[in-house]
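Chain by chain, the residues:
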Amino acid sequence: MKTDWIAGFLGTWSTELTLGAILLRLALSMALAAIIGCERSSKRHSATFILVSLAGTSTMLIDQYLMDVLPITIPVLSAAAVIGITTISGNSILFSSKNQIKGLTTSVGLWCCGIVGLALGAGLYTLAL
């Protein structure tokens, strides 16, 4: 199995579920979501981006732990997280009284943050970046 390029550079500790790897993934999740949400911070939406990304990272970390401990091979919680992230991002789209779509950028940004969070939770550092 090929390892992630950045994980290979960091060492084997970053590919396992060690405390250091978990903290690194959560910190990167918050940092990348803050960068994505930076443009939206003027509208006070940046904290939502970080929370969505952390939710994605956390569910993937929990799934990885459960797949190590239990005889399951499908990341069930992460699949549910994708549905939840899609629902949250879809609910940010509003139609104004002039039949204009508002919130599309926020919606796509939230969805992207969730997917980046899932990728980081899986240890796919290069893909997340």
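Further up the page is the structure itself.
So, here is what we can say about the structure in this document. All values reported here derive from a predicted model rather than from experimental measurement.

Some details on a nonpolar patch on the surface
Next, step 1: A cluster of nonpolar residues, Tyr65, Val69, Leu70 and Ile72, forms a patch on the protein surface that exposes about 370 Å² of accessible area.
Next, step 2: In this structure, Val69 sits in helix H3 (residues 46-69).

Topic: the packing of aromatic side chains
Next, step 1: Per the counting criterion, the structure on display carries one aromatic pair.
Next, step 2: Between Trp5 and Phe9, the ring centres sit 6.4 Å apart and the planes meet at 10 degrees, which makes this aromatic pair stacked. Here Trp5 and its partner Phe9 are both found in helix H1 (residues 5-10), four residues apart, which amounts to about one turn of the helix. Each member of the pair, Trp5 together with Phe9, is exposed.

Some details on the state of the cysteines
Each disulfide consists of a covalent bond between the sulfur atoms of two cysteine residues.
Next, step 1: For the coordinates displayed, the defined rule picks out zero disulfides.
Next, step 2: Unpaired in terms of disulfides, Cys112 finds its nearest cysteine sulfur in Cys113, a separation of 7.1 Å.
Next, step 3: Overall, Cys113 belongs to the buried group, its relative accessible area being 0%.

As for helix H4 (residues 76-91)
Next, step 1: The end-to-end C-alpha separation of H4 is 23 Å, in line with the 22 Å expected for 16 residues at 1.5 Å each.
Next, step 2: Listed as buried for H4 are Ser78, Ala81, Ile85 and Ser89. On an axial view of H4, the arc spanned by its buried residues comes to 60 degrees, and they lie on one face. Looking at H4, the residues exposed on the side facing more than 90 degrees away from the buried face are Val76, Ile83 and Asn91.

Observations regarding the packing of helix H2 (residues 19-36) against helix H5 (residues 104-121)
Next, step 1: Across the interface, H2 lies against H5 with an axial gap of 9 Å and an inter-helix angle of 160 degrees. Relative to H5, H2 is oriented roughly antiparallel. Crossing of H2 against H5: the hand is right-handed. Of the residues in H5, those touching H2 at Arg25, Leu28, Ser29, Leu32, Ala33 and Ile36 are Gly109, Cys113, Val116, Gly117, Leu120 and Gly121.
Next, step 2: Split into classes, the residues belonging to the contact of H2 with H5 amount to seven nonpolar, four polar and one charged.

Considerations on the environment of Glu16
Next, step 1: Counting through the fold element by element, Glu16 comes out in the loop between H1 and H2.
Next, step 2: Classification of Glu16 as partly exposed rests on a relative accessible area of 43%.
Next, step 3: Counting along the chain gives 106 residues from Glu16 to Ala122, while the straight-line C-alpha distance between them is 9.8 Å.
Next, step 4: When residues no more than four places from it in sequence are discounted, the contact partners of Glu16 are Ala21 and Arg25.

Conventions used here
Residues numbered from 1 in each chain as written. Predicted model: local features only at pLDDT ≥ 70, side-chain atom pairs only at ≥ 80, totals over all residues. Heavy atoms only, no water. Patch = residues over 30% accessible without salt bridge, like charges linked within 9 Å, V, L, I, M, F, W, Y side chains within 5 Å. Areas by Shrake-Rupley, 256 points an atom, 1.4 Å probe, with all protein chains shown as cover. Salt bridge = Lys/Arg side-chain N within 4 Å of Asp/Glu carboxyl O. Helix = DSSP H or I, 4+ residues; strand = E, 2+ residues; numbered from the N terminus. Phe/Tyr/Trp six-rings, centres within 6.5 Å; stacked < 30°, edge-to-face > 60°. Buried < 20%, exposed > 50% of the residue type's maximum accessible area, 1.4 Å probe, protein only. Disulfide = S-S within 2.5 Å. Expected span 1.5 Å × (residues − 1). Arc of directions from axis to C-beta. Axes fitted to C-alpha atoms, helices over the stretch in contact; angles between N-to-C directions. Parallel < 35°, antiparallel > 145°, perpendicular 65-115°, else oblique. Left-handed = near helix turned anticlockwise from the far one by under 90°. Contact = heavy atoms within 4.5 Å. Nonpolar A, V, L, I, M, F, W, Y, C, P; charged D, E, K, R; others polar.

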